[in-house]
Protein chains: 2
Amino acid sequence: MASAYDKLVERFIQLSRLEHALTFLHWDQLVMMPPGGRKSRAEAIAALTTAHHQQLTDPAVEGLLDEAAGQSLSHEQNISRDEMFKTWQRAACLPDDLVSAKSLAASVCEHGWRAQRTNNDWAGFLTNFKEVVNLSRTEAHARQAAQPGRYATPYDALLDLFCTGESSEFISATFNELKEKLPPLLSEIVAARGDQTAKLAGFFPIDRQKKLSTKLMTILGFDFTGGRLDESNHPFSTGDRGDQRITTRYRTDEFIDALKATAHETGHAGYEKGLPQKWSSLPIGTACNICIHESQSLLFEKQIFLAKPFLSFFVPTIHSLLPETKRYSADDIWHGATRVAPGLIRIEADEVSYPLHVILRFEIERDLINGTIEAADIPALWDEKMQAYLGLRTENDYRNGCLQDIHWTDGSFGYFPAYTMGALNGVQLFTTLTRDQPHWQNHFATGELDFVFSWLHTHIWSRASSASSQQIMADSTGEQTNPTHFLEYVKQRYIDEKF
Amino acid sequence: MASAYDKLVERFIQLSRLEHALTFLHWDQLVMMPPGGRKSRAEAIAALTTAHHQQLTDPAVEGLLDEAAGQSLSHEQNISRDEMFKTWQRAACLPDDLVSAKSLAASVCEHGWRAQRTNNDWAGFLTNFKEVVNLSRTEAHARQAAQPGRYATPYDALLDLFCTGESSEFISATFNELKEKLPPLLSEIVAARGDQTAKLAGFFPIDRQKKLSTKLMTILGFDFTGGRLDESNHPFSTGDRGDQRITTRYRTDEFIDALKATAHETGHAGYEKGLPQKWSSLPIGTACNICIHESQSLLFEKQIFLAKPFLSFFVPTIHSLLPETKRYSADDIWHGATRVAPGLIRIEADEVSYPLHVILRFEIERDLINGTIEAADIPALWDEKMQAYLGLRTENDYRNGCLQDIHWTDGSFGYFPAYTMGALNGVQLFTTLTRDQPHWQNHFATGELDFVFSWLHTHIWSRASSASSQQIMADSTGEQTNPTHFLEYVKQRYIDEKF
């Protein structure tokens, strides 16, 4: 007779079939669907999401989880059972009416935000946003209450949805060090580099850029028999076993941003493709958390693609497919692609400024969810922190200030820190893996990256969710996430221009 | 309190959400999916198909259908309830083990057929095919037994899955008239036209052909805010409300076939788009049957696109996008596109020969399912009928004979007649609608087709499944499907070359 654990495995495999459908319906919606399909697609996605929630929160699942907790399981099965429990618990701990209310408020707020951002209308936004904040606080308290002892603050319970297993205390400490040391470093870099990092201008046909992205992906290990590259307004990656879908976006007056996005999403896809077959369709077999996911995408984008030796290797391909770039040397392109210029917009930020944008958001959302500040306080705090961290003002400029991001509009509090935890992790992993390969620059200079993929496969990809992100960092690099490596890397890349 | 009928509506709407997911997962599989995705996609589709079957055959549905039969319903609701019953009955009347066994046998047979066709291996095919025939006969008997009185023969029960509402007796009578009158007409046409219908050769870039197809679709009423054109090995159309997806296929040495396929699939999409909103997601709101569906696609392809005045109107667009075609006049292109040349392959057949290919298959599959012939008899019958109807031999040439089609490999008996019933219906509808528009050729010559769309909308599209196909034909043309119109049209187009 099938054990409780075996029955859980069967149930989670069934759930993964619905997830497959949802994944590709979402992909289609963002990449292929004509506008006329919105209504029927929204209805189908809502129905499948409801079915998924019902199947996951079926009382029998809780019973099986209890029963499996008493079963004699292998170490691996125990972890697998715990991951199933976490997945179930996340879905089951909220009352249905809270989920519906938040979903509705988020939808109203996000919809309104699209025009309010354009119109710099903070007051209009605030009306809707207050409801999102209220419901997110309720959600945070409910999640905290459901797992007594797991979360030190309500915010930690939301953080756990994205930066799973990380605590806001650890992230605060990590970010405090960055916050102190990064701004002077940034000023030093801007002063040192001056105007040598001019924009790479020209006209770059999109069909040529597509070929270029495809070539880059192939070098970065992407297998086109197991995936696709397409276009969307915002680059993203998704997929299922054997079918990784990534997107990028092209502009005819620009070619580096599309390649960066391609490299970034190829990193996400590499991680997903490298997850172990043996755990496929089970929670233990999914990516560890977003801090690790972003470490892979950023490592591919920043540490591989933008490494001087790799970019020099790739420049002849750029020159050949986009002949107009021939007036730029490999050095010009590297400088253009690693331009450092503090600005107001997070998604346009360079690698050095980016963490400061994230820290600002982390501090505000943490205090907002924990109730020490209110939604109405955000613009003043934003302006104050932008001045302190980046030396820029956003007073009355909500559009380029606190209205610039979509994340908070739908109540995704706890997501932002993953970007910078990912950046720190990516550098720390890269520092470790290149330490064992003293001639790594020679490999990069010939496009040989197998040693990177192999190291990442062993230390990151193959572990999936079988350990926490900090455990994976400690096992693979000898210590937990430590911003020292990132700060050292920034000096080497942007001041010494070593790689 | 919701009535039984209301509850059924709610259940069928829920089923339509799963159908939406299945529709677009299938589309993706045929148009977008890389080969690596096969396994996870097959698993997801199987799971959703099972869920759909379970929800449709849930005992509560039968109870609600019974209860609704006793309810006081409007005329329209009564028809709607009957269509729900038919849908439920089709799914519920077969034992699960028969469905699984046929699905497995079909999958084995179809998979083997791909190589057996190439290798001309009838004996190898027959081994697998016998099982498909046995299980299809069992299925036919089970379907017949489930609705006593509805089906005169077991074959009629399978026919009803595709040519819903048609009887094999009516189709036999219709086809007998064609079988008698078409072969001499075909010989006369071939003799009269001789070599004037040479092939339209050249090199035609695919990106230009795509633009051409897009322009044709727009003239044929396709709305790109509510649909897409893509490519696939076999052109097809699918979709859901507000999102019609069609495909075509291009070859660089050919441009007419892609346009024909585009026009054909645009006809299917026009019908689907024209189905009434008020019945959306309900069985009454779906397309009537495949005989009507094919009438729309063939009317768009043969009677509109290939009409001399329309093609003459469109030729300047062809000349402009494919300059190499400028050496062909509108008349050359029309002759090339309406070439008549009897051959062995159904899917390559011209409009005049095509029905003879279908009649041959109809007669064989009817007798096969009704048990008056056996699978082993097929090659000899094929050869005999090919000689009688088309004057061609297929002895020992299984590849270009009875192994050429996919339909029987997966047990889709009853599908073939829909192609020719569709062709007859298409011509009959066109004859009627142009009778009311004596100057139709002038409209076609300027690309004005609104009167066609409007007529079809009123008489066909808006009726969906609210009446049988023969009722719709009788209401719109004054009589049931009558091959006289097709025979007359063939004379006018191919002998008199009137349009």
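Asks: Now, about the packing of helix H6 (residues 122-146) of chain A against helix H7 (residues 154-162) of chain A: what can you tell me, with residues and values included?
Replies: All names here are of chain A. The geometry of H6 relative to H7 is characterised by a closest axis approach of 7 Å and an angle of 90° between their N-to-C directions. In terms of their interaxial angle, H6 and H7 are classed as roughly perpendicular. Facing H6, whose interface residues are Ser136, Glu139, Ala140, His141, Arg143 and Gln144, H7 presents Pro154, Ala157, Leu158 and Leu161. Looking at the contact of H6 with H7 residue by residue, the class counts come to five nonpolar, three polar and two charged.

Asks: Outline the domain arrangement of chain A, supporting the account with residue identities and numerical values.
Replies: All names here are of chain A. Under the domain assignment, chain A is made up of domain 1 (4-147) and domain 2 (159-499). Each of domain 1 and domain 2 has a C-alpha centre, and the two are 26 Å apart. Of the residues lining the interface, 45 residues belong to domain 1; the matching set on domain 2 comes to 46 residues. Here domain 1 meets domain 2 over a buried area of about 3,600 Å², counting both sides, of which 65% is carbon and sulfur. Per-residue buried area on domain 1 facing domain 2 is highest for Trp27, Trp122 and Arg137; these three make up 19% of the total on that side. Linking domain 1 to domain 2 there are two salt bridges. For Glu76, the salt bridge identified is with Lys278, shortest N-O distance 3.6 Å. The interface formed by domain 1 and domain 2 includes 14 residue pairs in polar contact (both at pLDDT 80 or more). At the level of elements, helix H1 (4-31), helix H4 (75-92), helix H5 (96-118) and H6 are the ones that each hand at least two residues to the side of domain 1 that touches domain 2.

Asks: Any chance you could break down the interface of chain B and chain A for me, citing the residues and the numbers?
Replies: Residue-level contacts link 32 residues of chain B with 32 residues of chain A. Surface buried jointly by chain B and chain A totals about 2,400 Å² across both partners, of which 58% is contributed by carbon and sulfur atoms. Across the contact surface, chain B and chain A share six salt bridges. In this structure, Arg241(B) engages Glu43(A) in a salt bridge whose closest nitrogen and oxygen atoms are separated by 3.1 Å. For the interface between chain B and chain A, the tally reads 16 residue pairs in polar contact (both at pLDDT 80 or more). Mapped by element, the contributors of at least two residues to the side of chain B that touches chain A are helix H1 (4-31), helix H2 (38-56), strand S1 (227-231) and strand S3 (243-248) of chain B. Per-element tally for the side of chain B that touches chain A: the top contributor is H1(B), with nine residues. Considering only residue class, the side of chain B that touches chain A consists of 13 nonpolar, nine polar and 10 charged.

Asks: Explain the sheet that holds strand S1 (residues 227-231) of chain A to me, and be specific about the residues and the numbers.
Replies: Residue and element names in this part refer to chain A. With respect to topology, three strands assemble into an open sheet ordered S1-S3-S2, the strand pairing being mixed. Two strands lie at the open edges of the sheet, namely S1 and strand S2 (237-240), each paired on one side alone. For this sheet the average axis-to-axis angle between neighbouring strands, irrespective of direction, equals 20°. For S1 and strand S3 (residues 243-248), the ladder comprises five bridges, and the chain directions are parallel.

Asks: Would you mind going over the side chain of Glu301(B) in detail, with residue names and values included?
Replies: All names here are of chain B. Mapped onto the elements of the fold, Glu301 is located in helix H11 (residues 290-305). At 2.8 Å, the side chain of Glu301 forms a polar contact with the side chain of His264. Within the structure, Glu301 has its side chain in polar contact with the side chain of Lys302 (distance 3.0 Å). The residues contacting Glu301, other than those within four sequence positions of it, are Lys260, Ala263, His264 and Leu306.

The rules behind each value
- Residues numbered from 1 in each chain as written.
- Chains lettered and ligands numbered in written order.
- Predicted model: local features only at pLDDT ≥ 70, side-chain atom pairs only at ≥ 80, totals over all residues.
- Heavy atoms only, no water.
- Axes fitted to C-alpha atoms, helices over the stretch in contact; angles between N-to-C directions.
- Helix = DSSP H or I, 4+ residues; strand = E, 2+ residues; numbered from the N terminus.
- Parallel < 35°, antiparallel > 145°, perpendicular 65-115°, else oblique.
- Contact = heavy atoms within 4.5 Å.
- Nonpolar A, V, L, I, M, F, W, Y, C, P; charged D, E, K, R; others polar.
- Domains from an automatic or database assignment.
- Buried area = accessible area lost by both parts, 1.4 Å probe.
- Salt bridge = Lys/Arg side-chain N within 4 Å of Asp/Glu carboxyl O.
- Polar contact = N/O pair within 3.5 Å; in protein donor to acceptor, adjacent residues only side chain to side chain.
- Pairing = 2+ DSSP bridges.

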